[in-house]
Amino acid sequence: MNYKLVIHNLGAILLLEAATMVPSLAISLLYGDGAWFSFVLTIGLLVLVALPAWKLVHPEEKNLRAREGFLTVSLCWVLMSIFGAMPFVFSGVLPGVADAFFETVSGFTTTGSTVLPSFEGQPRSIMFWRSFTHWLGGMGVLVLSLIFLPRISGRTAHLVRAESAGPTLSKIVPRMSDTAKILYVVYGALSLLLFVCLLLTGLSPFDAAIHTFGTAGTGGFSNYAMSVGQMNNVAAEIVMTVFMIVFSTNMAMYFRIIRGEWRDALKSEELRWFLSIVAVFMVLVTLTIWPEYGSLATALRHGTFQVASIISTSGFATVDFNLWAPAAQLLLLLLMFVGACVGSTGGGPKVGRIALMVKAARREVHHTFQPRKVQVLRFEGRGVDDSMISQIAMFLVIYVGMMLLGAMLISLDGVHDLKTNLTAAITCVSNVGPGFGAVGPMGNFAGYSVFSKLVLSVLMLAGRLEIYPILVLFSPVIWRRN
Amino acid sequence: MRILVVGDGKVGHVLAEQLTQEAHDVVVIDEDEQVLQRTEDTLDVLCVRGNGANAKTLMNAGAAKADIIITATHSDEVNMLCCLIAKRLGTKYAIARIRDPEYNESLNILQQELGIDMAVNPDRGTAVEIGRLLRFPFATGIESFAKGRVEMVEFRAHEEDAIVNMPVHDINRKLRGIPQVLYAAVERDGDVHIPNGDFVILPGDKVHVSADMVTITAYFRYLGRDNMRIRNVLILGGSRTSFYLAKMIIPMGIHVSIMEIDEKKAEFLSELLPEANIICGDGTDQEMLEQEGLQNMDAFIALSNRDEENLMTGLFASRQGVPKVVVKNNHVSYLDLINDLGLDSIISPKTITCSNILRYVRARVNGGGTKVEKLYRLMNGKAEALEFIARLNDPYIGVPLRDLHIRPHTLVAVIVRRGKVFVPFGNDHIEAGDNVVIIACEAGISDLNEVIRR
């Protein structure tokens, strides 16, 4: 294990994190909310720790192997969350260290689960930073670091693969740093478009920014206790519904559309699966909750928004869906096991994986009738290797296993009921945000013990980094000296 | 430039690696998912899975906007077809690896009709390289740069050579009449040193000197190394390379014996090369080698298909006192081991093919991006030669080199001024517009101002 290389790279990335706090500092000075010192202090600490790591530790061997790549990614996310939590602690918004850490992990992993006791009267800069972590975490901080530090290492594939959503890495141009640049330009442009649209619906610039970050990163932090519902702005809800869907699709697709390959780009099989699932669930949920609201229009408004919010793993809410009929709740819970598309900013197991599993299951059933039939699975117009199928199956097993183990561990608190504990674990691994019961859209995670908050933080990180980089941290292999 | 590499084999991989390091955008096309996975993990390139001769695959890889396509699959036909289609799609230049001697006979027509700008034949390229070594037997390796106007010759220093055991700056002062060459690099125990004036060359060092060919020849005459003429050559293995080599050196008046184990192949060679002495027998059999007069040979060349066999027989020939031993070896990882064994001339067809292709690609680069005009990798990548153009307003212009600060472990090796090549010494200065070649141990130099300061 080349620790020097890992430390050197981590130093560079943490310096970048210090830079990402500057906008929040500016907001603090702009609104004069008095929280500026917490950012100055954190930036100072970051520079103090990161600069020596970056400047003084020089690795002899600069090639990043898979193990160093995984370790860099996982440590990077843990450290980023630790430092990102400091403004919450210093400003007194969340004095408990575990609370602040939970909130920051929830931000960076674009989960959107919160322990914030009250929303009113909090410093605006802290609320801004809380949501800005969504925007950064959505596309990935390591991907961002490749733009500013393109020579961070010769072999960056391991870093990006560990951080980007989905089983395969989709480069769009030969250079990884150029790919990162394109992804962020697309991401930034779409975010700006969303921001302008939200302004046009009548939101204040601050509200628009907060909800842009939450939507673009598919995170789900709102600056209102009752989430989007509190604003009661149908136009904004429609805009957000559309953009939650937009940000749950592959970002590379938009680049291809701009490049004029829109016909090929829209042919994507995963996209068709995704849109079909969204459409079917929107109809089903709307029909299920129609009797409750009595009006089709209201049912449609809340049904479509909630479906888009859950499948994109954002976790915004316009109503307390905790109060819906069990059938509608179950439909939403199912969506947590689907998630967004590969290469998007969303979480969950990803549509591509689920689609392949459905196809593999169908083949397995056929196989029992016709044992001699040879059938190669096809996805996106080409054959898929059986090793890929078993990899995905194993991934899903571990994924669900983590949910169950997590639910088990947080149940030890003895505070919440089975429904709450189970959905809390599911929503954290899937990076959705709200669950059901006490952790529903209008509730929060504050009732859990420190231990449970740490468990849930690990679950969120594992979900965002797609399990393996976080499992690596717990593996003795990585800490053994060669 | 955007470069497509079709075929992610040994040669394709090395090319992709080298070209990304030279700041090109590389797309690698191959049918094998696993091979591509490995490449994606280790290199910063775009990987496209598919058959390179399929227009759709080429389109996906961006052939319409590509500058160069290099085809290095195992099949000549696929290589040619890829070039043809890519050219039609809009790729500017096409390079194909073509192996089969049948195609080589009609290469001109093929190249014209299919739009192949350069056809690379690894077997012939290897033969040319060996031929060069036989012509200059004192050298263990020859590399040329600055458009072939400067040669860098590698040789092993012996106890009786006048240049050993004295500091480099004393060589020209104390040895009267020695032609002035540049001591560009010295390899000792696997490490590369860029010698400064105080560096002492020891017997056993691998010395790299650089100058134009006339000066180099005079230099070796001064050292008394040119009295050896190669007259009798024994080649192990009747491969295509052996055939090309024999065909090339027989007219030079060299007597060639080829040892081939396969009877059919031996007969075939005998038919094609009536002047050569073809022996059907096992070349790894030491008794057989001795019987065929190995001790009386001036050169032994091991070109069988197995690297290990080549190395072992080469070692045996070297112990038997054959003055010049050339061994074919494709395993780069063996090279450091071989260094210790005393085998000097190791030829790798893979490397030769790559450097031939890279030479062509570099000639098409038009300066963009970094200030490095050209980059050559020397000594299996342990050192680099970089070519820059001196700019008018740079601070070092017109100042004698001895008054400038030169970065440690780097060397101003050659200056090309108005087409004339010379090796600079302390009194010389750089003029604006000069092509300056720097030799450096470390990678990543991108500007002449990083090397030379006032």
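From a predicted model like this one, the values you see are computed outputs, not experimental measurements. Note on numbering: residues in each chain are counted from 1, in written sequence order. Whichever chain is written first becomes A and whichever ligand is written first becomes 1, with later ones labelled in order. Two thresholds apply to this predicted model, a pLDDT of at least 70 for residue-level local features and 80 or more for giving and counting side-chain atom pairs, whereas whole-chain, interface and lining totals are computed over all residues. The side-chain figures draw on all heavy atoms in the structure; neither hydrogens nor water molecules are used.

## Regarding the packing of aromatic side chains
Move 1: Side-chain rings of Phe, Tyr and Trp (the six-membered ring for Trp) are treated as a pair once their centres are within 6.5 Å; stacked means planes under 30 degrees apart, edge-to-face means over 60, and tilted covers the remaining angles. Scanning all chains against the criterion turns up 23 aromatic pairs over all chains.
Move 2: Note on phenylalanine 132 of chain A and tryptophan 135 of chain A: the rings are 6.1 Å apart at their centroids and 10 degrees apart in plane angle, and the pair reads as stacked. Here phenylalanine 132 of chain A pairs with tryptophan 135 of chain A, and both are found in helix H6 (residues 124–139), just 3 residues apart, close to one helical turn.
Move 3: Only protein chains enter the accessibility calculation, which uses a 1.4 Å probe; a residue whose area is less than 20% of its type maximum is buried, one above 50% is exposed, and one in between is partly exposed. Accessibility expressed as a relative area gives 15% for tryptophan 135 of chain A, which makes it buried.
Move 4: Ring geometry for phenylalanine 243 of chain B versus tyrosine 244 of chain B: centroids 5.7 Å apart, planes at 55 degrees, classification tilted.
Move 5: The class for phenylalanine 243 of chain B is buried, based on a relative accessible area of 17%.
Move 6: For tyrosine 244 of chain B, a relative accessible area of 7% translates into the label buried.
Move 7: The structure contains a cluster of three or more aromatic residues connected by ring pairs, namely Phe128, Phe132, Trp135, Tyr184, Tyr187, Phe213, Phe243 and Phe247 of chain A.
Move 8: Criterion for a charge above a ring: Arg CZ or Lys NZ at most 6 Å from the ring centre, at most 35 degrees from the ring normal. Over the face of the ring belonging to phenylalanine 206 of chain A we find arginine 124 of chain A, whose NZ or CZ atom lies 4.5 Å from the ring centre.
Move 9: Stacked on the ring of phenylalanine 221 of chain A, the Lys or Arg arginine 130 of chain A has its end atom at 3.8 Å from the ring centre. The way it works is that DSSP assigns letters per residue, a run of H or I at least four long becomes a helix, a run of E at least two long becomes a strand, and they are numbered from the N terminus.

## A look at the interface of chain A and chain B
Move 1: Note on contacts: a residue pair qualifies if any of its non-hydrogen atoms lie within 4.5 Å across the two residues. In this complex, chain A contributes 15 residues to the contact, which on the side of chain B involves 17 residues.
Move 2: Here's the idea: put two parts together, see how much 1.4 Å probe accessible area each one loses, and the total over both is what we call buried area. Around 1,400 Å² of area is buried between chain A and chain B when both sides are counted, 39% of it from carbon and sulfur atoms.
Move 3: The working definition used for a salt bridge is a side-chain nitrogen of Lys or Arg within 4 Å of a carboxyl oxygen of Asp or Glu. Where chain A touches chain B, the interface holds 1 salt bridge.
Move 4: Among the ionic pairs, arginine 175 of chain A bridges to aspartate 25 of chain B, the shortest N-O distance being 3.4 Å.
Move 5: Counted as a polar contact is a pair of N or O atoms within 3.5 Å, where, for protein atoms, one must be capable of donating a hydrogen and the other of accepting one, and residues adjacent in sequence contribute only when both atoms are in side chains. Here chain A and chain B share 5 residue pairs in polar contact (both at pLDDT 80 or more) between them.
Move 6: Of all the elements in the fold, those that place two or more residues in the side of chain A that touches chain B are helix H8 (157–163), helix H9 (176–200) and strand S2 (382–383) of chain A.

## Re the domain arrangement of chain B
Move 1: Residue ranges labeled as domains rest on an automatic or database domain assignment. Per the domain assignment, the segments making up chain B are domain 1 (2–120), domain 2 (127–222), domain 3 (232–346) and domain 4 (370–453).
Move 2: A separation of 33 Å is found between the C-alpha centroids of domain 1 of chain B and domain 4 of chain B.

## A short note on the sheet that holds strand S14 (residues 277–280) of chain B
Residues and elements named next belong to chain B.
Move 1: Strand pairing is assigned whenever DSSP identifies at least 2 bridges connecting the two strands. Taken in spatial order, the 6 strands line up as S14-S13-S12-S15-S16-S17 in an open sheet, and their pairing is parallel. Every interior strand has two partners, whereas the edge strands, S14 and strand S17 (345–347), have only one. Strand-to-strand twist in this sheet, taken as the mean axis angle between neighbours without regard to direction, amounts to 15 degrees.
Move 2: Where strand S15 (residues 299–302) meets strand S16 (residues 324–328), 4 bridges bridge the pair, whose relative direction is parallel. Paired with alanine 299 across the bridge in S16 is lysine 324. Simply put, an axis is a line fit to the C-alpha atoms, just over the touching stretch for a helix, and the angle between two N-to-C directions goes from 0 to 180 degrees.

## Let's talk about the sheet that holds strand S6 (residues 118–120) of chain B
Residue and element names in this part refer to chain B.
Move 1: One open sheet accounts for 6 strands, arranged S3-S2-S1-S4-S5-S6; its pairing is parallel. Because the sheet does not close on itself, it has two edges, and the strands there are strand S3 (46–49) and S6. Each adjacent strand pair in this sheet contributes to an overall mean axis angle of 15 degrees, direction not counted.
Move 2: Sheet topology places strand S1 (residues 2–6) next to strand S2 (residues 25–30); 5 bridges connect them, and they run parallel. Residue pairing in the sheet places valine 6 in a bridge with isoleucine 29 of S2.
Move 3: The sheet strands contacting helix H1 (residues 10–21) are S1, S2, strand S4 (68–71) and strand S5 (93–97), and the helix crosses S2 at an angle near 165 degrees.

## Considering the pattern of salt bridges
All names here are of chain A.
Move 1: In total, this model carries 25 salt bridges over all chains according to the counting rule given.
Move 2: The closest approach of N and O atoms between lysine 267 and aspartate 264, which form a salt bridge, is 4.0 Å.
Move 3: Among the residues examined, lysine 267 registers a relative accessible area of 53% and is labelled exposed.

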